Amino acid sequence: MHDFIFRDNELHCENVPVSRIARKVGTPFYLYSHHTLVDHLTKIQKAFAPVKPLVCFAMKANGNLAVIKTLLKNGAGVDIVSGGELKKALFLKTDPKKIVFASVGKTEDEIAAAIKAGILLFNVESLPELEEINRVAQKLKKRTQVALRVNPDVEAPTHQFITTGSLKNKFGIDLSTAEKIFEAQKTFPYVRINGLHIHIGSQLVSKEPFLNALLKVLEFIERLKARGTRLEYLDIGGGLGIIYNDEQPQTAQEYATAVLPLLTRTGLKIIMEPGRFIVGNAGIFVTQVLFIKDNGYKKFVIVDGGMNDLIRPSLYHAYHEIVPLARKEDAKKFRVDVVGPVCESGDFFAKDRDIPVVEKGEFLAVMSAGAYGYAMASNYNARPRVPEVMVQGDKFSVVKRRENFQDLIRGERIPSFLK
Ligand code: LLP
């Protein structure tokens with residue numbers, strides 16, 4: 001469920017016709033529904049209420065301050081993966097005890113900043129990283145807390161670029177190394193190893209991979225218990241899939257019903273890190289048709305947005321539904337590639353797609369673009385990043401302005417030998 005719906009043949013976001021925003025703000029732009037964001041967060045909180053989880057929004061999915069603030073105000077914490085995300089979280093006055101920090105490559109500066117901020121825990125992805133955290137904590141004379149991100153070595157059926165829970169991937173610590181780390185706990189006096197973390201992949205639509213991973217982790221927890229190792233936290237990561245096309249993903253409630261018995265059995269405090277589930281369908285990307293081109297072999301709908309704005313189709317061949325903002329009764333369809341202006345053949349939003357016949361000047365919505373959309377945008381081809389807009393009820397607000405030429409050259413300088 002989301003709040004992008006057709007009323008009187010016009011796509012609305014909550015109570016605002018999207019075309020009104022397009023005329024006011026110009027295209028392309030990202031548009032978020034405040035209500036959908038809150039609703040999706042609430043769905044997870046309610047479904048998992050029996051274990052009162054700390055829901056840490058995976059900021060990498062959408063780093064917009066207004067989006068994050070919306071979630072913080074509704075009880076979320078954040079899952080961060082860099083010093084930049086830490087700074088953003090602290091800028092928004094996130095309670096440090098609601099911040100968890102994952103990443104296979106944390107630098108000394110990032111580790112030090114997170115220890116100083118007093119985050120809840122680091123999700124540690126290797127033995128050398130643990131040694132480094134211990135060393136930095138010692139230097140700062142401040143103990144810190146970690147969970148070991150274990151790699152349960154399960155296959156998760158999703159795009160190969162976004163699966164993370166098998167030993168073929170760089171993520172997490174294999175179980176036998178993890179066990180050795182617990183045995184050697186005393187060699188890390190500045191680090192309290194107080195939990196386990198798993199994240200096995202993204203856009204997972206069925207519960208099986210989650211269950212397989214959890215069962216392995218449960219077994220591991222039992223082994224640790226038998227040795228007298230007590231833990232406090234289990235972070236079950238993110239990964240919940242959403243509807244882009246014809247997927248039938250489990251609902252938050254179905255996911256909860258499947259895993260709650262296992263989670264309760266651990267007796268541990270539960271942390272979750274959903275990203276896509278919360279923001280994916282809470283956002284769309286709006287673009288305008290520049291030209292229709294027919295080369296005798298194929299038709300192309302050329303739009304003003306490109307792969308630099310939304311790279312998911314190019315990078316993962318991801319499907320995003322594309323709809324005109326104005327729906328015409330009995331509209332004929334044509335088979336087209338919807339492409340951007342960027343100088344790459346990979347610059348497309350859809351290939352060989354049947355969409356309603358559209359003309360130059362019409363607005364299109366690329367649906368389900370709230371997660372890993374703006375967050376992965378770039379300035380490729382010297383294209384300014386587009387604005388982000390948020391709707392609440394019948395109001396809308398630009399929550400990030402369109403970049404301008406000054407933004408494009410910010411930080412650059414011509415050296416004296418070229419003057
Ligand atoms: N926790 C960790 C440690 C993660 O690495 C991720 C995502 C999440 C949580 C959130 O996962 P989610 O709930 O959003 O599935 N750019 C790709 C997705 C990359 C996911 C990276 N990690 C895409 O556009 O599909």
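Since the model is a prediction, treat every value here as computed from it, not as a measurement. (Residues numbered from 1 in each chain as written. Predicted model: local features only at pLDDT ≥ 70, side-chain atom pairs only at ≥ 80, totals over all residues. Heavy atoms only, no water.)

Enquirer: Please clarify how the packing of helix α8 (residues 208-226) against helix α9 (residues 252-266) should be interpreted in this entry.
Expert: When two helices pack together, their arrangement is given by the angle between the helix axes and the distance between those axes. Between α8 and α9, the shortest axis-to-axis distance is 10 Å and the interhelical angle comes to 5°. For the element pair α8 / α9, the angle class is roughly parallel. Contact with α8, carried on its side by F210, L211, L214, L215, L218, I221 and K225, involves Y255, A258, V259, L262, L263, R265 and T266 of α9 and no other residues of that element. When its residues are assigned to classes, the contact of α8 with α9 shows 11 nonpolar, 1 polar and 2 charged. (Axes fitted to C-alpha atoms, helices over the stretch in contact; angles between N-to-C directions. Helix = DSSP H or I, 4+ residues; strand = E, 2+ residues; numbered from the N terminus. Parallel < 35°, antiparallel > 145°, perpendicular 65-115°, else oblique. Contact = heavy atoms within 4.5 Å. Nonpolar A, V, L, I, M, F, W, Y, C, P; charged D, E, K, R; others polar.)

Enquirer: Teacher, can you tell me more about the pattern of salt bridges here?
Expert: Pairing between side chains of opposite charge can happen when the charged atoms of each approach one another. In this structure the tally under the stated criterion is 20 salt bridges. The closest approach of N and O atoms between E179 and R223, which form a salt bridge, is 3.2 Å. Within this pair, whereas E179 is found in helix α7 (residues 175-183), its partner R223 is found in helix α8, the two being separated by 44 residues in sequence. Across the pair K225 and E222 runs a salt bridge whose closest N-O atoms are separated by 4.0 Å. In this pair, K225 and E222 both sit in helix α8, 3 residues apart, roughly one turn of the helix. By sharing partners, the salt bridges in this structure join E108, E132, R135 and K139 into a single network. (Salt bridge = Lys/Arg side-chain N within 4 Å of Asp/Glu carboxyl O.)

Enquirer: What should I look at first to understand α9 in this one?
Expert: Because each turn of an α-helix spans 3.6 residues, side chains separated by three or four positions in sequence point in the same direction. With 15 residues, α9 extends 20 Å between its outermost C-alpha atoms, agreeing within 8% with the 21 Å of an ideal straight helix rising 1.5 Å per residue. Within α9, the axis deviates most sharply at V259, by approximately 45°, and proline P261 lies no more than four positions further along. When α9 is considered as a whole, its buried residues turn out to be A252, Y255, A256, A258, V259, L260, L262, L263 and T266. Contacts from the buried residues of α9 go to α2 (34-47), α8, β12 (233-235), β13 (269-272) and α10 (276-279). Positive backbone phi, at 70°, marks G267, one or two positions downstream of α9. (Expected span 1.5 Å × (residues − 1). Bend = angle between axes of the 7 residues up to and from the residue. Buried < 20%, exposed > 50% of the residue type's maximum accessible area, 1.4 Å probe, protein only.)

Enquirer: Is there a simple way to think about the nonpolar core in this case?
Expert: One broad rule of soluble globular proteins: the nonpolar side chains tend to lie buried together. Counting residues in hydrophobic clusters, the biggest one holds 102 residues, and the most contacted among them are F48, F122, L196, L263 and V301. Looking at this core, you find at least three residues from each of domain 1 (4-31 + 280-409) and domain 2 (34-276). Setting aside residues no more than four positions away along its own chain, L263 makes contact with F48, V51, L214, L234, I236 and I270. Listed in part, the 19 residues of the second largest apolar core include V16, L31, M367 and V391. (Core = buried A, V, L, I, M, F, W, Y, C linked by side-chain atoms within 4.5 Å. Domains from an automatic or database assignment.)

Enquirer: Help me out: how do you make sense of the packing of aromatic side chains in this one?
Expert: Aromatic ring pairs are defined here through the distance separating the ring centres and the angle between the ring planes. Applying the stated criterion to the full structure yields 8 aromatic pairs. Taking 6.5 Å as the distance between ring centres and 20° as the angle between the ring planes, the aromatic pair formed by Y30 and Y32 counts as stacked. Under the relative-accessibility criterion, Y32 is labelled buried at 1%. When the centroid spacing of 5.8 Å and the interplanar angle of 65° are considered together, the rings of F285 and F349 count as edge-to-face. Remark: F349 occurs in strand β18 (residues 348-356) and F285 occurs in strand β14 (residues 283-294); sequence separation between them is 64 residues. Relative accessible area serves as the criterion here: at 1%, F349 is assigned to the buried category. Through a chain of ring-to-ring contacts, three or more aromatic side chains come together here, namely Y30, Y32, F285, F349 and Y374. If you follow K106 out to its NZ or CZ, it ends over the ring of F101, 5.5 Å from the centre. R327 extends its terminal NZ or CZ atom over the ring of F6, reaching a point 4.1 Å from the ring centre. (Phe/Tyr/Trp six-rings, centres within 6.5 Å; stacked < 30°, edge-to-face > 60°. Lys NZ or Arg CZ within 6 Å of the ring centre and 35° of its normal.)

Enquirer: Just checking my understanding: could you explain the sheet that holds strand β2 (residues 10-13) for this structure?
Expert: Strand pairing in a sheet is mediated by backbone hydrogen bonds. Such pairs are either parallel or antiparallel. Taken in spatial order, the 3 strands of this open sheet run β1-β2-β3, and their pairing is antiparallel. Each having just a single partner strand, β1 (4-7) and β3 (16-17) make up the two edges of the open sheet. As paired strands, β2 and β3 are joined by 2 bridges and run antiparallel to one another. Counted as the bridge partner of C13 is V16 from β3. (Pairing = 2+ DSSP bridges.)

Enquirer: Where do I start with the pairing of β1 in this structure?
Expert: The two faces of the sheet receive side chains in turn, since in a regular strand these alternate between them. In the sheet, β1 pairs with β2 via 4 bridges, with the strands oriented antiparallel. Residue pairing in the sheet places I5 in a bridge with H12 of β2. In this antiparallel pair of consecutive strands, β1 and β2, the connection spans 2 residues, and D8 shows a positive phi of 50°.

Enquirer: What's the story with the site of the ligand in this structure? I'm lost.
Expert: The environment of the ligand is made up of 19 residues, and the closest members are S202, E273, R312, Y316 and Y372. Backbone polar atom of G275 to an oxygen atom of the ligand: 2.9 Å apart, as the coordinates give it. In the model, an oxygen atom of the ligand is placed 2.8 Å from a nitrogen or oxygen of the R276 main chain. Within the complex, the protein chains bury 91% of what would otherwise be the 590 Å² of accessible surface of the ligand. (Near = heavy atom within 4 Å. Polar contact = N/O pair within 3.5 Å; in protein donor to acceptor, adjacent residues only side chain to side chain. Areas by Shrake-Rupley, 256 points an atom, 1.4 Å probe, with all protein chains shown as cover.)

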